[in-house]
Amino acid sequence: MNPKKNGPIYFPGALPQVEFLARTFKILAANGFTPENTIVGVCVCREEPACLLVKEIRKLWEMVYNFSSLAGMPFAGKTGFMKMQKYAPNDRTDTRFLYMAFSHIGWMPDGQMGRDAPLGRGKSSSACSGLVAFQQELASGPSPWEPDSDNLEQGLLNQRLFRNMKYGGGSDLVALTKLAYTIILQDVEKLLGLTLANLENPYALVTGIQLTSHGQQNFIWPGEIYEVAHGQRTPLSLT
Ligand SMILES: [Zn+2]
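This section reports on the structure supplied with the text. Nothing here was measured: the structure is a model prediction, and the numbers come from that model.

Conventions used here
- Residues numbered from 1 in each chain as written.
- Predicted model: local features only at pLDDT ≥ 70, side-chain atom pairs only at ≥ 80, totals over all residues.
- Heavy atoms only, no water.
- Core = buried A, V, L, I, M, F, W, Y, C linked by side-chain atoms within 4.5 Å.
- Buried < 20%, exposed > 50% of the residue type's maximum accessible area, 1.4 Å probe, protein only.
- Helix = DSSP H or I, 4+ residues; strand = E, 2+ residues; numbered from the N terminus.
- Contact = heavy atoms within 4.5 Å.
- Phe/Tyr/Trp six-rings, centres within 6.5 Å; stacked < 30°, edge-to-face > 60°.
- Lys NZ or Arg CZ within 6 Å of the ring centre and 35° of its normal.
- Salt bridge = Lys/Arg side-chain N within 4 Å of Asp/Glu carboxyl O.

## Brief notes about the nonpolar core
Within the largest apolar cluster, 47 residues are counted, with the highest numbers of intra-cluster contacts made by Phe-97, Tyr-99, Leu-131, Leu-161, Leu-192 and Leu-211. Among the elements of the structure, strand S2 (38–43), helix H4 (77–85), strand S4 (96–106), helix H5 (129–139), helix H6 (152–164), helix H7 (173–196), strand S5 (203–212) and strand S6 (219–229) are those that each provide at least two residues to this core. A per-element tally of this core places H7 first, with 13 residues. Those residues in contact with Leu-161, other than ones at most four positions away along the chain, are Leu-131, Phe-134, Leu-176, Leu-179, Ala-180 and Ile-183.

This is the structure we're talking about:
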């Protein structure tokens, strides 16, 4: 396999970012989600280059709310999700919601991932700095894994990762990024259940892992992608 041509080798099925966004837009439009009737909430890591994805999404969708927190975790919680839903006009029952959420890691065409993939001069890592900080804390010994009032998002991230990590895990950044994705999906779905239960509005969820690269093409590995209308969940395929 030629990774330069085929994309990041640890994430089979990853699409160039521009293609991922175009395909999701097309499949959602075919299912009735348009920039005019859809409010979009995006949750990515707040650090560059991951957060630059919000700008690309805004080029396609008009009403975009940025929920970004460290590592792409939906720490805005119920308050953030309900705030976004309140932007739907009361007199419009056809308003739809689209939620997009991603973890991220860097990649290089030679197959390097995460910490080994240099970002450029003066920068040694293109993995998520929140995940790298968790790894370092894990390596330094036992930790209470409680939220730290001086470092709230990192403390919450550590707690979510540690509770969901298999014993002895955490040393592999690719695996940790995939674990972060799984937690993001789980937490977003929980928040959707908590905040959309009394609403009839159709909604869609688009998730995945951002594979960012300095000087090369960004990719996105597609995770769970589906729409829910009239209580029915329908998977959406990008292929
Ligand atoms: Zn990050």
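## Some points on the packing of aromatic side chains
Counting across every chain of the model gives eight aromatic pairs. Summarising the aromatic geometry, the rings of Phe-20 and Phe-102 are spaced 5.9 Å apart at their centres and angled 75° between planes, so their arrangement reads as edge-to-face. In this pair, Phe-20 is assigned in helix H2 (residues 17–30) and Phe-102 in strand S4, connecting sequence segments 82 residues apart. A relative accessible area of 0% places Phe-20 in the buried class. Among the residues examined, Phe-102 registers a relative accessible area of 0% and is labelled buried. Here the aromatic residues Phe-67, Phe-81, Phe-97, Tyr-99 and Tyr-203 are joined through ring pairs into a cluster of three or more. When the ring centre of Phe-33 is taken as reference, the NZ or CZ atom of Arg-96 above it lies at 4.8 Å.

## Digging into the pattern of salt bridges
Using the criterion set out here, one finds six salt bridges in the structure. Between Glu-19 and Arg-23 there is a salt bridge, and its shortest N-O distance comes to 2.3 Å. Of this pair, Glu-19 and Arg-23 both sit in helix H2, separated by four residues, roughly a single helical turn. Close ionic contact of Glu-189 with Arg-233 constitutes a salt bridge, the shortest N to O distance being 3.6 Å. One end of the pair, Glu-189, is in helix H7; the other, Arg-233, is in strand S7 (residues 232–235), with 44 residues separating them in the sequence. Salt bridges sharing partners connect three or more residues here, namely Glu-189, Glu-224 and Arg-233.

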